[in-house]
Amino acid sequence: MRTIIVDDEKHSRDALHMMLERYCPHVAVQALCSSGTEALAAIEQLHPELVFLDIEMPGMDGFQVLEECNYHSFAVIFITAYDQYALQAIHHSALDYLLKPIDSKELKDAVEKAGTQSTAVTAVKVVNLLHFLQEHLNQDERLALPTSDGLRMVTARNIIYCKGAGTQTRLHLQEPEKPVMVCCTLVEMEQWLADKGFFRVHSSFLINLSFMEKYIKGDGGEIIMSDGYSVPLARDKKQDFLQRIERL
């Protein structure tokens, strides 16, 4: 199996190379890459069947390598120290990962699994991963929102839901912060939060899908948020909403 190892730490690259030679002799390492830039060039030139991809690299991390790569016909096994958010994204996409220091049995199992998956299946998983990251990583962005007495800095990840009130919008935030009234319409909030995991479920409500606890069926239905508040789901939004949450 033609393989590339991507890790900015030399001792980690060399250690994984040695483990593959010892425990997975059918794996042929084509290149050892120390950066995302090197990885992109090697992948495009060598067309590997398997890539071991470190997540935490300076400049261009493992996720960005996948996003920039034009050739996707390979299996991916991520290498990472414990990173809760990165592991959440990988789990969501049903891709494999190995925690450092790498265990030999876990390595063999991951390589065996990678060898049984078609490139088409892997490509779909990568697309799902990138979609998940696009929506959720952007939630760390801070927004400077106008209020009656100036500007309020708000992190998108901290907003549970927005409730429109004419030319203003009330932001309901995670505890212990109190709700904030900002001087912009719900339509404007929807535009700012569109790529951050939010969905307009009603003419008066925009919700952060990460804080949705429960959906209750009905003519339109209702959505229970993490703070216990029940948000109505408009009938004309129901189909799009159900299709959207299937991807979460």
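The structure we're discussing is the one just above.
Quick caveat: nothing in here was measured; it's all calculated off a predicted structure. (Residues numbered from 1 in each chain as written. Predicted model: local features only at pLDDT ≥ 70, side-chain atom pairs only at ≥ 80, totals over all residues. Heavy atoms only, no water.)

J.: I keep staring at the sheet that holds strand β15 (residues 230-232) and nothing clicks. Help me out?
T.: Across a sheet, strands are paired by hydrogen bonds formed along the backbone, either parallel or antiparallel in direction. Sheet architecture is open: three strands sit in the order β13-β14-β15, paired in antiparallel fashion. Of all strands in the sheet, those with a lone pairing partner are β13 (212-216) and β15, marking the two edges. Adjacent strand axes in the sheet meet at a mean angle of 25°, parallel and antiparallel pairs treated alike. Both strand β14 (residues 222-225) and β15 contribute to a ladder of three bridges, which runs antiparallel. Residue pairing in the sheet places isoleucine 223 in a bridge with valine 231 of β15. With respect to the sheet, helix α8 (residues 238-245) is in contact with β13 and β14, its orientation differing from that of β13 by roughly 135°. (Pairing = 2+ DSSP bridges. Helix = DSSP H or I, 4+ residues; strand = E, 2+ residues; numbered from the N terminus. Axes fitted to C-alpha atoms, helices over the stretch in contact; angles between N-to-C directions. Contact = heavy atoms within 4.5 Å.)

J.: Would you mind going over the environment of alanine 120 with me for this structure?
T.: Summarising the element assignment, alanine 120 is placed in helix α6 (residues 119-137). Exposure remark for alanine 120: the relative accessible area of 52% places this residue in the exposed category. Considered as a pair, alanine 120 and alanine 75 are 45 residues apart in the sequence and their alpha carbons are 9.7 Å apart. (Buried < 20%, exposed > 50% of the residue type's maximum accessible area, 1.4 Å probe, protein only.)

J.: What am I meant to see in the packing of helix α1 (residues 10-23) against helix α5 (residues 104-116) here?
T.: Pairs of packed helices are described in terms of their axes, by the angle between the two and the distance that separates them. In contact at an axis separation of 11 Å, α1 and α5 are set at 70° when each is read in the N-to-C sense. The orientation of α1 with respect to α5, classified from their angle, is roughly perpendicular. Residues Leu16, Met19, Leu20 and Tyr23 of α1 touch α5, and the partners they reach there are Ser104, Leu107, Lys108 and Val111. Considered class by class, the residues forming the contact of α1 with α5 number six nonpolar, one polar and one charged. (Parallel < 35°, antiparallel > 145°, perpendicular 65-115°, else oblique. Nonpolar A, V, L, I, M, F, W, Y, C, P; charged D, E, K, R; others polar.)

J.: Explanation requested: helix α2 (residues 36-46) in the structure shown.
T.: Every α-helix carries 3.6 residues per turn, so stepping three or four residues along brings you back to the same face. Turning to α2, its buried residues are Gly36, Ala39, Leu40, Ala42 and Ile43. Within two residues after α2, histidine 47 carries a phi angle of roughly 50°, on the positive side.

J.: Any chance you could explain the sheet that holds strand β11 (residues 198-202) here in plain terms?
T.: The strand order across the open sheet formed by five strands is β10-β9-β8-β12-β11, and the pairing between neighbours is antiparallel. Of all strands in the sheet, those bounded by a partner on one side alone are β10 (180-182) and β11. Strand-to-strand twist in this sheet, taken as the mean axis angle between neighbours without regard to direction, amounts to 25°.

J.: Any chance you could explain helix α7 (residues 186-193) here in plain terms?
T.: Buried within α7 are the following residues: Leu186, Met189 and Leu193. For α7, the buried positions fall inside an angular range of 55° around the axis, keeping them on one side. Taken together, the buried residues of α7 touch β6 (142-147), β8 (159-165), β9 (168-173), β10, β11 and β12 (205-208). (Arc of directions from axis to C-beta.)

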